[in-house]
Amino acid sequence: MKAATMAKRIIIIGANAAGVEAASAARKKDRAAEITLVTQEKTAGYSRCGLPFVIGGQIPGFNDLIVYSQAYFQMLKLTLKNETKVTAIDTKEKTVATADKAGNVETLPYDSLVIATGADSFMPPIKGREKQGILSLRGLEDGEKIDQAVKDGAKSAVIMGAGLIGLETGVALIERGLKVTIVEMLPQILPQMLDADMAKMVQEHLQEKGMCILTSKAVEEFLGDDKVTAVMAGGERIEADLFISAFGVRANTKVAVDAGIPLGETRAIKTDARMETGVKDVYAIGDCAESLNIITHKPTCAQLGTIAVRQGKVAGKNAAGDYSLFTGVLASAVTRLFDVEAGVTGLTEAAAARAKIEVVTGAISSKTKADYYPTAKPIKVKLVVEKESQRIIGAQIIGGEEVTQRINALSFAIQKEMTVRELAKADTAYAPPLCETWEPMVLAAEMVLMKLR
Amino acid sequence: MVKVEGYEVPEGLYYSKEFSWIKIEGEKVRMGITDYAQKQLREIVYAELPEAGAEVKQNEPYGTVESVKAVSDLVAAVSGTVEEVNSEVQSRPELLNEDPFDRGWLVIVKPANLQAELPSLMAFDQAVEWHKNQAQAK
């Protein structure tokens, strides 16, 4: 009798995008549950994605990135244990062991456990990587270190990796007056996000703005005595004051693996449609968890903020005894690099080829306002369409503005399994200061239809 | 009306650290949630309030407010008997976002022990300081 009336205990490991979202969703379902968030970080509930824009100076301070105030945790009766590490999970006894900064250890029992341990910056086995002075950009403290290095007079930076974080950080440092060199092992920038033809447009813009970009060049060695002073990349020695590793991130799964919670083929924690792991009452969300790609139906670990919060909401509800399903990932993403915006949803042409999906593509260059309107900016829309069904399965857009909501519109179209024939007949709005008469998405659809004839 | 770090803190009210305000109106006390509180919750879509005649106790929940994303208890700033409930807020909870100190009031209470409980609440100057600290600490 007593057990039945006891408040449900929900423990969430991690307290940023995914974790706090899960806690909020759990609280909405269960007003009485004891909800505890455990995080190794000092600050909880902040936006990682905003870090480059504090470094760039668009956002005044790192504290401005805190999305969830102490008051929010208090009002929702969420217990936050910060600077506390989860050292072990016992899925049989249903407990987690924690250790705080002072070394105090605790064993916390749970009814539902949500793992939102995120991802860590990845460092390949490069010679000299144990040397000091290689920074990365993952947490608030990483951001503060880079900011401090700039304040201390750094004049140049080498960024290793031309993914979103590498490029956004590169732009920020150029805005702060540094000379920036990007080293990328693959032949193009943004290899996860864009096809080579679209990436080239972004690369040209970045180069015009003074970014030095070296593609098809691997970092071979970190040079310097104790502290790194140069890197060898593609046989070339590049000196700089600041070295930032942006090789990518890897799901942080150690505590889950130690507890016997199974990983999937992406090496992130395997989940089902309720975001539950292979172990009952244990959920995984955010950058440490995998889920299904809507097009390929294969596991994916796209590690984006929007996926983290959507998964968090689903897991939080389920952890509190509600019912909710995660409907999958298109990995829609956007970025702004100087004056150009780039976005993607669904599969690129290259990703479709890897999945053995045959496609027809169409790409249209247009303007963001009527062609004759003075401030019109260029925009290019590329559609990726599956040959047999004629369904849209991917899109990429590069433009001076108005990229994000087009990406969202195409994401909705893909989720609703819209065919390119339907998109070509779409009803769109028009006014000269806002857009062109013929929407470029519609024209791109028209182009694909012509190729399909 | 004073604004502290973007949050309204009107004079003449008493404030609790659980994000409630009260206004002493003769023998009675009007109670609501602060601008700071509604801004943490964002668009409020549901307010669950007690019936007239219910007893409320200082520092204990007497209702809930639910927004699109969050849900929070309403924590009483004073003890007493609910005499009147703002039915307009129940049908239009967005008043809590639009006008938390005026049209968004929640209940009118006949206080049971106001003189003893008042010292635990913050007067205007203290409330300004407290809001400043809250906003800066985040």
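Residues numbered from 1 in each chain as written. Chains lettered and ligands numbered in written order. Predicted model: local features only at pLDDT ≥ 70, side-chain atom pairs only at ≥ 80, totals over all residues.

### Comments concerning the overall build of chain A
Thinking step 1. Per the secondary structure count, chain A includes 13 helices and 25 strands.
Thinking step 2. In terms of overall dimensions, chain A is globule-like: its C-alpha atoms have a radius of gyration of 23 Å, near the 22 Å expected for 453 residues.
Thinking step 3. C-alpha atoms of chain A, sized along the principal axes, occupy 75 × 60 × 40 Å.
Thinking step 4. Expressed as a percentage of its 453 residues, the buried residues of chain A come to 48%.
Thinking step 5. Long-range pairs, those at least 24 residues apart, make up 65% of the contacts in chain A between residues at least 6 apart in sequence. (Helix = DSSP H or I, 4+ residues; strand = E, 2+ residues; numbered from the N terminus. Rg over C-alpha atoms; globule rule 2.2 N^0.38 Å. Buried ≥ 20, exposed ≤ 12 C-beta atoms within 10 Å, placed from the backbone. Contact = placed C-beta atoms within 7 Å.)

### So, the overall build of chain B
Thinking step 1. The helix and strand inventory of chain B stands at five helices and 11 strands.
Thinking step 2. The C-alpha atoms of chain B give 14 Å as radius of gyration, which agrees with the globular expectation for 138 residues (14 Å, within 12%).
Thinking step 3. Oriented by its inertia axes, the alpha-carbon framework of chain B measures out at about 40 × 35 × 25 Å.
Thinking step 4. Among the 138 residues that make up chain B, the fraction classed as buried is 41%.
Thinking step 5. At a minimum sequence separation of 6, the contacts of chain B that also span at least 24 residues come to 62%.

### Overview of the domain arrangement of chain A
Thinking step 1. According to the domain assignment, chain A contains domain 1 (2-48 + 58-120 + 250-319), domain 2 (123-247) and domain 3 (339-452).
Thinking step 2. On a C-alpha basis, the centres of domain 2 of chain A and domain 3 of chain A stand 31 Å from each other. (Domains from an automatic or database assignment.)

### Things to note about the sheet that holds strand β13 (residues 219-223) of chain A
Sheets are built from strands paired through backbone hydrogen bonds, the pairs being either parallel or antiparallel.
Residue and element names in this part refer to chain A.
Thinking step 1. Across the sheet, three strands lie side by side as β13-β14-β15; this open sheet has antiparallel pairing. For this open sheet the edge positions go to β13 and β15 (236-239), each flanked by a neighbour on one side alone. Recorded for the sheet is a direction-independent mean angle of 25° between the axes of neighbouring strands.
Thinking step 2. Where strand β14 (residues 230-233) meets β15, four bridges bridge the pair, whose relative direction is antiparallel. Along β15, the bridge assignment pairs Ala233 with Glu236. (Pairing = 2+ DSSP bridges. Axes fitted to C-alpha atoms, helices over the stretch in contact; angles between N-to-C directions.)

### Side note on helix α11 (residues 404-415) of chain A
Residue and element names in this part refer to chain A.
Thinking step 1. With 12 residues, α11 extends 16 Å from end C-alpha to end C-alpha; this agrees with the ideal 16 Å at 1.5 Å per step.
Thinking step 2. Residues of α11 that are buried: Arg406, Ile407, Leu410, Ser411, Ala413 and Ile414. Down the axis, α11 shows its buried residues gathered within 160° of arc, on one side only.
Thinking step 3. In this structure, the buried side of α11 is in contact with β21 (333-337), β22 (340-346), β24 (378-386), β25 (392-399), α12 (420-424) and α13 (440-452).
Thinking step 4. Looking one or two residues beyond α11, the residue adopting positive phi is Glu417, at roughly 55°. (Expected span 1.5 Å × (residues − 1). Arc of directions from axis to C-beta.)

### Quick look at unusual backbone geometry
Thinking step 1. Within the chain, Met275 of chain A stands out as a residue other than glycine whose phi angle is a positive 70°.
Thinking step 2. Tracing the backbone shows Met275 of chain A in the loop between α8 (254-258) and β18 (282-284).

### Considering the interface of chain B and chain A
Thinking step 1. Across the boundary between the two partners, chain B contributes 12 residues, which contact 12 residues of chain A.
Thinking step 2. Broken down by secondary-structure element, the contributors of at least two residues to the side of chain B that touches chain A are α1 (35-41), β9 (71-75) and α5 (124-137) of chain B.
Thinking step 3. In terms of residue count, α1 of chain B provides more of the side of chain B that touches chain A than any other element does, three residues in total.
Thinking step 4. Of the residues that constitute the side of chain B that touches chain A, the class distribution is six nonpolar, four polar and two charged. (Nonpolar A, V, L, I, M, F, W, Y, C, P; charged D, E, K, R; others polar.)

### A closer look at the sheet that holds β18 of chain A
All names here are of chain A.
Thinking step 1. Read from one edge of the open sheet, five strands run β3-β2-β1-β7-β18, paired in parallel fashion. The open sheet terminates on both sides in strands that have one partner only, identified here as β3 (78-81) and β18. Across the sheet, the mean angle separating the axes of adjacent strands is 20° when strand polarity is ignored.
Thinking step 2. Relative to strand β2 (residues 34-38), strand β1 (residues 9-13) runs parallel, the two sharing five bridges. For Ile11, the partnering residue across the bridge sits in β2 and is Thr36.
Thinking step 3. Contacts between helix α2 (residues 17-29) and the sheet are confined to β1, β2, β3 and β7 (112-115), with β2 contributing the most and set at about 180° to the helix.

### Description of the environment of Asp287 of chain A
Thinking step 1. With respect to the element layout, Asp287 of chain A can be found in the loop between β18 and β19 (291-292).
Thinking step 2. Residues Asp287 of chain A and Ser245 of chain A lie 42 residues apart in sequence; the distance between their C-alpha atoms is 18 Å.

### Looking at the nonpolar core
A general trend in soluble globular proteins is that nonpolar side chains are found buried together.
Thinking step 1. With 178 residues, the main nonpolar core has Ala22, Ile115 and Ile285 of chain A as its most contacted residues.
Thinking step 2. Dropping the residues within four chain positions of it, Ala22 of chain A is found in contact with Ile12, Val114, Ala116, Ile285, Gly312, Ala315, Gly316 and Ala319 of chain A. (Core = buried A, V, L, I, M, F, W, Y, C linked by C-beta atoms within 7 Å.)

### Focus on the environment of Ala273 of chain A
Thinking step 1. For Ala273 of chain A, the location among the structural elements is in the loop between α8 and β18.
Thinking step 2. For the pair formed by Ala273 of chain A and Phe326 of chain A, sequence separation is 53 residues and the distance between their alpha carbons is 5.3 Å.

### Some words on the pairing of strand β10 (residues 156-160) of chain A
Residue and element names in this part refer to chain A.
Thinking step 1. Where burial is concerned, most of β10 is hidden: four out of the five residues are buried.
Thinking step 2. By the bridge criterion, five bridges tie β10 to strand β11 (residues 179-183) in an arrangement that is parallel. In the strand pairing of β11, Ser156 is matched with Lys179.
Thinking step 3. One crossover worth recording links β10 to the parallel β11 by way of helix α6 (residues 164-175), and it is right-handed.
Thinking step 4. Pairing of β10 with strand β16 (residues 242-245) involves four bridges; the strand directions are parallel. Residue Ile159 lies in a different strand from β16, and its bridge partner there is Ile244. (Right-handed = clockwise from strand over helix to strand, strands pointing away.)

### Let's talk about the confidence of the model for chain B
Thinking step 1. Taken over all residues, the pLDDT of chain B has a mean of 95, while the share at 70 or more is 99%.
Thinking step 2. Scoring the predicted complex yields pTM 0.93 and, for the interface, ipTM 0.84. (pLDDT = per-residue confidence, 0-100.)

### Observations concerning the pairing of β14 of chain A
Residues and elements named next belong to chain A.
Thinking step 1. The two faces of β14 differ: Val231 and Ala233 on one face are buried, but Ala230 and Met232 on the other face are not.
Thinking step 2. Of the strand pairs in this sheet, β13 and β14 are connected by four bridges, and their pairing is antiparallel. Bridge pairing in β14 places Phe222 opposite Val231.
Thinking step 3. The antiparallel pairing of β13 with β14 creates a hairpin that spans six residues between the two strands, and Gly224 there sits at a positive phi of about 130°.
Thinking step 4. Joining the antiparallel neighbours β14 and β15 is a turn of two residues, in which Gly234 adopts a positive phi near 60°.

### Overview of the packing of α2 of chain A against helix α9 (residues 305-319) of chain A
Residues and elements named next belong to chain A.
Thinking step 1. In the contact formed by α2 and α9, the axes pass within 7 Å of each other and the chain directions differ by 35°. In the crossing of α2 with α9, the sense of the turn from one axis to the other is right-handed. Contacts between α2 and α9 involve Ala17, Ala18, Gly19, Glu21, Ala22, Ala23, Ser24, Ala25, Ala26 and Lys29 from the former and Gly305, Ala308, Val309, Gln311, Gly312, Lys313, Ala315, Gly316, Lys317 and Ala319 from the latter.
Thinking step 2. Looking at the contact of α2 with α9 residue by residue, the class counts come to 10 nonpolar, six polar and four charged. (Left-handed = near helix turned anticlockwise from the far one by under 90°.)

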